[in-house]
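Fold and geometry: a report
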Amino acid sequence: GMPDFKPIEMAKKVSRPLPRVPATGVKPEPAINAETFEEILRIIRHAGASFEGAPQTYAAIGEEGLRDNLLSHINVIFEGKATGETFRKYGKTDIRIEEESRSAFVAECKLWGGQKLLGETLDQLLDYVTWRDCKAALVIFNKSVAGFAATQELVQPTLTKRPGFLRQHSAPNGEWRFVFQSKEDPSREITVHVFMFNLYVAPERAGKKR
């Protein structure tokens, strides 16, 4: 008399970053296609939503801890290929997915600290991107500002005024997607997807369990 059950659908496994095959016949460079890029963004989006669902837990975690949590989510799909604090060109980037020792995706995580820091963080991310990279993400965590909606309104005007901005594409609510010109190669375009997650906890609620 037991009722039938419906199996829970498992998330599909995403392939590793695939090389882009150039028309010239030159040895292909590692890159990721649009579908895989969207899957990486979906993972970050899901992880960030889980952070927002338990802000009192994650608000106490620092920038590196939040980055490590994102890495653990990404590596479920990419089998440990995503690394943190990896040396890239002029510094260390927070998240990197590589293939054959070459980057296919880079991301930078930062705590919200105002428009000036947001612009500087974008510049930092673009410095990490070499000519082989064309897709990146900027993940901002708000832990200090109660008015999150007002904070979100600062993203678009801040980043569209940065040097190298080319255009903006549509993105889900609360996210932004921009295209910038490479600093070293004007013919190269870099797509940067921006997330903002709200981990703010009012002082009177800090330390209280939900």
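In what follows, the structure referred to is the one given above.
Structural notes, computed from the coordinates.

With the rule as written, the count across this model stands at one cavity of 30 Å³ or more. What the largest cavity holds in volume is close to 40 Å³. Lining of the largest cavity is provided by K110, L111, W112, G113, G114, L117, L118, T121 and I140. Among the elements of the structure, β5 (102-111) and α4 (115-128) are those that each provide at least two residues to the lining of the largest cavity.

Among the structural elements, L126 can be located in helix α4. Under the relative-accessibility criterion, L126 is labelled buried at 6%. Excluding its chain neighbours within four sequence positions, the residues that come into contact with L126 are F180, K183, I190 and V192.

Core analysis: the biggest nonpolar cluster contains 26 residues, and I44, F51, L70, I95, F105, V139 and F141 have the highest contact counts within it. Broken down by secondary-structure element, the contributors of at least two residues to this core are α1 (34-53), α3 (63-78), β4 (91-99), β5, β6 (135-142) and β9 (189-198). No other element matches α1, which puts seven residues into this core. Leave out the neighbours within four places in its chain, and I44 touches L70, I74, F105, V139, F195 and F197. In this structure, L122, L125, V129 and F148 belong to the second largest nonpolar core, which totals 20 residues.

Between the first and last C-alpha of α4 there are 20 Å, a value that for 14 residues agrees with the 20 Å anticipated at 1.5 Å per step. Those residues of α4 not exposed but buried are L118, G119, T121, L122, D123, L125, L126 and Y128.

Basis of the calculations
Residues numbered from 1 in each chain as written. Predicted model: local features only at pLDDT ≥ 70, side-chain atom pairs only at ≥ 80, totals over all residues. Heavy atoms only, no water. 1 Å grid on protein atoms, 1.4 Å probe; cavity = no way out; pocket = protein on both sides within 12 Å on 5 of 7 lines; lining within 4 Å. Points joined across faces, edges and corners; volume = space filled by probe spheres on them. Helix = DSSP H or I, 4+ residues; strand = E, 2+ residues; numbered from the N terminus. Buried < 20%, exposed > 50% of the residue type's maximum accessible area, 1.4 Å probe, protein only. Contact = heavy atoms within 4.5 Å. Core = buried A, V, L, I, M, F, W, Y, C linked by side-chain atoms within 4.5 Å. Expected span 1.5 Å × (residues − 1).

The analysis is restricted to geometry; functional conclusions fall outside its scope.
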